[in-house]
Amino acid sequence: PAQPRDRLRVAIQKSGRLGEPARELLASCGLTWRESRDKLFCYGESLPVDLLLVRDDDIPGLIADGVCDMGIVGRNVLVEHDLARRAQGRGADLTEWRQLGWGTCRLDVAIDEDQEWTGPEQLAGMRIATSYPHTLGRWLEEHGVDAEPVLLNGSVEIAPRLGQADVVCDLVSTGGTLRANQLKPVTTILHSEAVIAGPGHPLDDGRQEIADLLLRRLDGAVQLKE
Ligand code: PRT
Ligand code: ZN
């Protein structure tokens, strides 16, 4: 059992696409911090809210393990975490507390730009390069297609040219990366945006009150932006 904690701990991306906007959003709620020397931890000064700066992929696990109380992460990462847990026969543990409306992207299947798209059945028997094997697997199952996800943690778009896969399933925002690799998006399997993720149950030790206060300020900050 974890030690009692009377400060809220929020996980955000250390760098990458969502790190800076996440910090800006929290700062717009009136939060100020003192940074640790290694810049992995920010100690909250104006409110008992600390930040842990990590890789986005680690955020769901940190919340699930109770190391952090909430996090700002892409839905794509959250959904993949959830489906990976289910595949292990474990129940859902995290939920989306808020949708933030930025960091938007799609998880798309993309095929050779010269190929015709006739529908999901076309993917039967194909190797599909992706960093999101469980999310892809669910979609394939929903469409009754028997294909093989090939897990790649980077450079998914070049997999077809390297002969590692036949098609890809990757995040797309402008579509420029796909085009540069002679691929075209043909179907969307997940719409994603940055979300606030937290446990599906209330927090302990008075931290829910701090979380509620922070969420109220976040709602105000998000509304002001609109
Ligand atoms: O280091 P760390 O593990 O924390 O970061 P990361 O490299 O895994 O993630 P990062 O910073 O690239 O992305 C963080 C989150 O931003 C993702 O999980 C998504 O929720 C969101 N996001 C929004 C995107 C994109 N848009 C996006 N376009 N994440 C990645 N991309 C990549 C995509 O994978 C592809 O390589 O950008 C390329 C495509 O972009 P376009 O514009 O050419 O289509
Ligand atoms: Zn990552």
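Everything below is about the structure printed above this text.
Computed from a prediction, not measured in an experiment: that's the story for all the values here. One numbering rule holds for all chains: residues counted from 1, following each sequence as written. Whichever chain is written first is A, and whichever ligand is written first is 1; the rest continue in order. Only residues with pLDDT of at least 70 get local features here, since the model is predicted, and only at 80 or more are side-chain atom pairs given and counted; chain-wide, interface and lining totals rely on the full set of residues. With hydrogens and water excluded, all non-hydrogen atoms of the structure serve as input to the side-chain values.

Asks: Looking at this model, I keep getting lost on helix α4 (residues 133–142). Mind explaining?
Replies: Each turn of an α-helix holds 3.6 residues, which means side chains three or four residues apart point in the same direction. Whether a residue is buried, partly exposed or exposed follows from its accessible area with a 1.4 Å probe, protein chains only, as a fraction of its type maximum: under 20%, in between, or over 50%, in that order. A run of H or I in DSSP becomes a helix once it reaches four residues, and a run of E becomes a strand once it reaches two; helices and strands are each numbered from the N terminus. Residues of α4 that are buried include every one of Thr135, Leu136, Trp139 and Leu140, and no others. For α4, the buried positions fall inside an angular range of 135 degrees around the axis, keeping them on one side. Of the exposed residues in α4, the ones pointing more than 90 degrees away from its buried face are Glu141 and Glu142. Of the residues trailing α4, Gly144 is marked for its positive phi of about 60 degrees. For this quantity, the arc is that covered by the directions from the helix axis to the C-beta atoms.

Asks: In this structure, what is going on with the pairing of strand β12 (residues 194–199)? I would like to understand it.
Replies: When a strand is regular, its side chains alternate between the sheet's two faces. The buried fraction of β12 is high, at 6 of 6 residues. Note: strand β5 (residues 70–74) against β12, 4 bridges, orientation antiparallel. Considered in β12, the bridge of Val73 is made with Val195. Judged from the 5 bridges that link them, strand β6 (residues 94–99) and β12 form a sheet pairing that is antiparallel. The residue bridging Gln99 from the neighbouring strand is Val195, located in β12. Any two strands between which DSSP finds at least two bridges are classified as paired.

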